[in-house]
Structure formats: C-alpha cells, structure tokens
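Results of the structural survey
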Amino acid sequence: MLSANAFTELVREVARRRRIPGLNAAVARGGEEHRAAHGVLNVETNVEVTGDSIFQIGSVTKVFTGTLVLQLVDAGKLELDAPVRRYLPELRIADAPIDDAVTLRLLLAHAGGIVGDVFWDTGRNDDALAVFAGRCGELSYLTKPGSYFSYCNSGYNLLGRAIEVVTGESWERFLRRSLLEPLGIPAAVHPEETLRFRTAIGHTVAAGGEATITDTIYLPRSGDPAGSRLSMSASSLLKFARLHLADGISPDGARLLSAASARAMRELVIPLPVDIAGPTGYGLSWQIYDGWAPRAVGHDGATMGQSAFLRLVPEWNAAVAMVTNASSATTIDAFDEVVRAVLASMGDAQIPAKPAAAALPAVDAAPYAGTYETYMSRIVVSANGGEALNATVTARNNETLGNVPERRLVLRPVGDGRFLAEDPSGSATTSVVGFAEHDAGGKARFLFTGFRLAERVAD
C-alpha cells in the first residue's frame, strides 16, 4: 500500500489538477490506514479542510439504509422477499395499491420498477417519510418489477419508511442507534448538527476551474434514506467499510450484522441493462464491480455540489473513500485516478477503462433518435452528421433542486448500442450511455444514462 506521504501527495496533486475546492480521503488495508486532506471547505470563507471535516455523502447513504434493512431481517422484523405492502399496507403507486411483486429485495437492488427520481419536500418533521409515502400514488411504474435495473431514490425512501414502521423510531434515530454510535462515527444527520463540525458546503466548478457555492445547500428530509443530508468524513466512511469487510463485526468486536447478511449484500441481484464500463450490477444496496480483479463493491454519492465515493476490495481487506465539495462531474475522474493508483500499489489490480473516443464507427441515428423522459428530465436525441448523436437534456418536475441548466451532449458510438457521452464545453466528465429494448422496427424503448432508464415518449 502507498505510504502515508505518498497517499497524501497523490490526493493533493489530483485535487489541484482537477481543481476541486476541497476534499478528504482515506485508505485502509487490514489494520493500516492513511488519511489526506486538501483545499478549503468554502471558497468564500477559505476555512481549511482537515481529516475530520465532514461532507455530504449523498447516495453512499443507501448502503447504510441497506445495512439497517438487513439488521432488521436478522432480527426477524423484515423479510427480503416479502411484498413491500406487508409493511406499508396503504402505499399506492399509479393511484392503486402497490404491486405485490415489489419486494424489499427489489427495492434494495433498484429493480422495483417504480419511477425513481423524486425529491418532494414533505417538511422537516418526523413525519416527512410518512407524508412522502402517502404521496406516492402520483408515481407510476417504469418497468415490470424485477425486469430491469433503474436507479430509484423513491424506493430507498420507502425502505426508510418501512424501517420506521417496524421499529417505531424515525429513520435517523434508528441509524444512530444501530450503526453510527456502535461504530463510533461522528456524523451530521440534520443540517443543525453541522455546527458541531468543520463542515463543507457544495460548489459548482466551471470548465475554467472557477468554483462557486451552489444555490441549494440541502435536499429535503424526505430523501434522507436515499442520501439527502447525511454528512461525515472519509475516515468515518472507512469505519463503515470495515464493518462490511469483517462480515458484520464492528472494530470493538460487536456483531452488528450477521455474516450471511453481510455477504448477501455483496452478491449480484440484477445486472445493469447496459455495460457502462463501471459497476456491472447491484446487490442489496452495494454496486457490484464484477469486472474488476480483485472483485470490488462500492457506491458513489452526489448532492448539491458535493460528491462521495467508497470502494471495498474484500479479497484484499481494503477500502478507499473520498468526500468532496465539488459536483460529481468534476470529481468522478479524480477518484478514478486515486483508486487506480492506490490499488495498483497493493497488487495486480485490473480495473476496466472507459472506451476511447478515437476511431469510432459511424452511427445510424434511426434506432435512437427521439425524445426520452425520466420523472425529472427530458432528453432529445438527434443525428449529428452520421458520426455521432446529439442529446439535449432539460429539467422537468423539478420542485427542490434549484436552477438546473440545460445540457448539450455529443454521443459518440463505441459499439453494441453504447455511446460515449461528451460535454463539448469540457465542464463534465465523459460517461458511457446506451440504448435498450428495441422494438420490431429497431427503435429503442429506453436510453440508459446516469444509471437511469429514460423511456421513449416521442419519435
């Protein structure tokens, strides 16, 4: 493993080059751990980032929620393959009782088929999740339950509500009692608690490197189980990672999760519908990296101008974490650099690379051109001179995210219905997107982008 000095220099060099305002990172293998910090928590106050500074961890929170669910499965209070309706009998989707085919297992694996990107503000009281669940009759099914993976924040909020129903506690209180306190993790669950810490604020980083504070600081409380507001340091994320590397045993020797449940969480439940040169699928809240050698699990998170990353390599008893106060478009490639260098220092690590954008074949736009929608975005795909496609992304149903600017992307083909999405402005990283479920005429029903299925609504 890299030495402490080498790890610090790696992290700081990548952060400077990628123009990330501030971050902290940590790496552990066995009993050894190194930390690194860089930059400032806020470009307006210039308060320095330290190793114990806290950042919003976004959707990495989903693995905490998944762990809580499996703890309750161990206690006999929840069953993975029980219909969600057993625990939320009044829950409605598409203005009808939720389909009995939607189980806790499917929600944990983002395969419940329910429309996923919903950030309703249902207040800051303890009934926020109950009110959220009561409003879900407005949602619809995107796919048949169990048939496809499509990232589903709403499903995790419903899991959080199921936790509340069977425990009689708020999701936040159960999280503290069952995980944060036993693991000794200092964390802020509510914004008011951030006053106890050196706390980062989110930034947007322009193509030229200028960082500005985001207009929206926190997402609504109703999204807490999915990752709205939980904040902690990278070293705290490693305490959580060590619990899973030890198959459910905390650093002080207490068993917080059965070994069977910890291992089950790391097993593939459903593959992604498109090979995006990243995770190959999902387990019970973990992203699964079956294409890596050694095999890895992990999760990423993004809130308003903050990003978090966590990878576990069970075979090596190793984990890498990074938390930042910059948008994910700026930080994804930075973490990729860090994790590749760290794992290479540990052994012969093989991590698939994204396809190159050079010497790509021409593309027939006919199967792909059209308008696709998720709950919160509309994506218009059109031809671009025969060598690529254009994609224009605009926001819709946006209640709480503030101003979301229109994005224009160029999709360059890499084969098998997959494309490399590039931002011509240079303000975002490239990503692999793809199309799925073609009809008899060859037209795709879905565009898979950002881990979501966007459905074709017009040619």
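Structure's up top.
A brief report on the enclosed structure follows. Each chain carries its own residue numbering, running from 1 in the written order of its sequence. The predicted nature of this model means local features are confined to residues of pLDDT at least 70 and side-chain atom pairs, given and counted, to a pLDDT of 80 or more, with totals for whole chains, interfaces and linings taken over all residues. The side-chain quantities take in all heavy atoms of the structure and omit both hydrogens and water.

Section: the overall build of the protein
Scanning the protein for helices and strands turns up 9 helices and 22 strands. The contact rule is simple, with two residues in contact once any of their heavy atoms fall within 4.5 Å. Restricting to contacts in the protein with at least 6 residues of sequence separation, those with at least 24 account for 61%. Per-residue and other accessible areas follow the Shrake-Rupley method at a 1.4 Å probe size, with only the shown protein chains counted as cover for residues. Just so you have it, the protein exposes about 17500 Å², and 49% of that area is on carbon and sulfur atoms. Each helix corresponds to a stretch of at least 4 residues labelled H or I by DSSP, and each strand to a stretch of at least 2 residues labelled E; elements are numbered beginning at the N terminus.

Some points on the pairing of strand β20 (residues 431-438)
Between any two strands, at least two bridges found by DSSP are needed for them to pair. As paired strands, strand β19 (residues 418-422) and β20 are joined by 4 bridges and run antiparallel to one another. Each bridged residue has a counterpart across the sheet, and for Phe419 the counterpart in β20 is Val433. Pairing of β20 with strand β21 (residues 444-449) involves 4 bridges; the strand directions are antiparallel. When the bridges of β21 are listed, His438 appears paired with Ala444. Two successive antiparallel strands, β20 and β21, enclose a turn made up of 5 residues, where Gly442 displays a positive phi of approximately 90°.

Here's the deal with the sheet that holds strand β14 (residues 318-324)
The sheet built from 8 strands is open, its strands ordered β2-β1-β14-β13-β12-β11-β10-β9 with antiparallel pairing. With one partner strand each, in any of the chains shown, β2 (32-39) and β9 (270-271) form the two edges of the open sheet. With 2 bridges joining them, β9 and strand β10 (residues 281-282) adopt antiparallel strand pairing. Within β10, the position partnered with Ile270 by the bridge is Tyr282.

What to know about the pattern of salt bridges
The term salt bridge refers to a side-chain nitrogen of Lys or Arg lying within 4 Å of a carboxyl oxygen of Asp or Glu. The tally for this structure, following the rule as stated, stands at 36 salt bridges. Notably, a salt bridge pairs Asp224 with Arg229, separated by 2.9 Å at the nearest N-O pair. Here Asp224 matches Arg229 in class, with each residue buried. Where Arg408 meets Glu406, a salt bridge forms, and the shortest distance between an N and an O atom there is 2.9 Å. For every residue, the accessible area (1.4 Å probe, protein chains only) is compared with the maximum for its type, and the residue is labelled buried under 20%, exposed over 50%, or partly exposed between those bounds. Residue classification places Arg408 among the exposed residues on the basis of a relative accessible area of 54%. Residue class for Glu406 comes out partly exposed when judged on its relative accessible area of 42%. Overlapping salt bridges bring together Glu13, Arg17, Arg18, Asp333, Glu337 and Lys354 as one network.

Focus: the state of the cysteines
Disulfides are defined as pairs of cysteine sulfur atoms found within 2.5 Å of each other. What the rule picks out here adds up to 0 disulfides. Cys152 supplies the cysteine sulfur nearest to Cys136, a cysteine that is in no disulfide, at a spacing of 9.0 Å. Cys152 sits in the buried class, given a relative accessible area of 5%.

Quick word on the pairing of strand β16 (residues 377-384)
Direction of pairing for strand β15 (residues 370-373) relative to β16: antiparallel, over a ladder of 4 bridges. Bridging across to β16, Tyr372 finds its partner in Ile379. Linkage of β15 to β16, two consecutive antiparallel strands, is achieved through a turn of 3 residues. Of the pairings in the sheet, the one linking β16 to strand β17 (residues 388-395) comprises 8 bridges and is antiparallel in character. Within β17, the residue paired with Arg378 across the bridge is Thr394. What sits between the antiparallel neighbours β16 and β17 is a turn of 3 residues, in which Gly385 has the positive phi angle 70°.

Quick word on the nonpolar core
If you look at the biggest cluster of nonpolar residues, it comprises 82 residues, and the most contacted ones within it are Phe64 and Leu310. Here this core gets 7 residues from one element, more than from any other, and that element is helix α7 (residues 234-245). Residues grouped as a nonpolar core are buried Ala, Val, Leu, Ile, Met, Phe, Trp, Tyr and Cys residues, joined through side-chain atoms within 4.5 Å. Core analysis: the second largest hydrophobic core is formed by 30 residues, Phe7, Leu10, Phe309 and Ala334 among them.

Comments concerning the side chain of Gln71
The topology assignment puts Gln71 in helix α2 (residues 61-74). On the basis of relative accessibility, which here comes to 11%, the residue Gln71 falls in the buried class. Among the polar contacts listed, one links the side chain of Gln71 to the backbone oxygen of Leu256, at a separation of 2.9 Å. For Gln71, the residues in contact, after removing those within four places along its chain, are Phe174, Ser178, Leu179, Leu256 and Leu257. The definition of a polar contact used here is a pair of N or O atoms within 3.5 Å, where within protein one atom must be able to donate a hydrogen and the other to accept one, and adjacent residues in sequence count solely through side-chain atom pairs.

Remarks on the packing of aromatic side chains
Whether two aromatic rings pair depends on their centres lying within 6.5 Å, for rings of Phe, Tyr and Trp, where Trp uses its six-membered ring; planes under 30 degrees apart make the pair stacked, over 60 edge-to-face, and the rest tilted. Counted by the stated rule, this structure contains 14 aromatic pairs. Taking 5.1 Å as the distance between ring centres and 45° as the angle between the ring planes, the aromatic pair formed by Trp120 and Phe132 counts as tilted. One end of the pair, Trp120, is in the loop between α3 (104-108) and α4 (128-135); the other, Phe132, is in helix α4, and 12 residues separate them in sequence. Taking the relative accessible area as the measure of exposure, Phe132 reaches 1% and is therefore buried. Looking at Lys62, its charged tip hangs above the ring of Tyr156, at a distance of 5.8 Å from the centre. Each ring is checked for a lysine NZ or an arginine CZ that lies within 6 Å of its centre and within 35 degrees of its normal; such an atom marks a charge sitting over the ring.

Things to note about the sheet that holds β19
The 8 strands are arranged β15-β16-β17-β18-β19-β20-β21-β22 in a closed barrel whose pairing can be described as antiparallel. Each strand of the sheet is rotated relative to its neighbour by a mean of 35°, with strand direction disregarded. Examined bridge by bridge, strand β18 (residues 407-415) and β19 share 5 bridges and lie antiparallel to one another. What sits directly across from Leu411, in β19, is Ala421. Note on method: axes are straight lines fitted to C-alpha atoms, helices fitted across the in-contact stretch only, with angles between N-to-C directions ranging 0 to 180 degrees.

Some points on unusual backbone geometry
Residues Ala293 and Pro294 are joined by a peptide bond in cis, for which omega reads -5°. Along the chain, Pro294 turns up in the loop between β11 (287-289) and β12 (296-302). Although it is not a glycine, Asn317 sits at a positive phi angle of roughly 50°. One can find Asn317 in the loop between β13 (307-313) and β14.

Concerning the packing of helix α1 (residues 4-18) against helix α9 (residues 328-346)
For the pair α1 and α9, interaxial distance at closest approach is 10 Å and the crossing angle is 155°. Looking at the two axes, α1 sits roughly antiparallel to α9. For the crossing formed where α1 meets α9, the hand is right-handed. Residues Phe7, Leu10, Val11, Val14, Arg17 and Arg18 of α1 touch α9, and the partners they reach there are Thr330, Asp333, Ala334, Glu337, Val338, Ala341 and Val342. Should an angle lie under 35 degrees it is considered roughly parallel, over 145 roughly antiparallel, and from 65 to 115 roughly perpendicular; all remaining angles are considered oblique. Should the near helix be turned counterclockwise from the far one by less than a right angle, the crossing is left-handed, whereas a clockwise turn marks it as right-handed.

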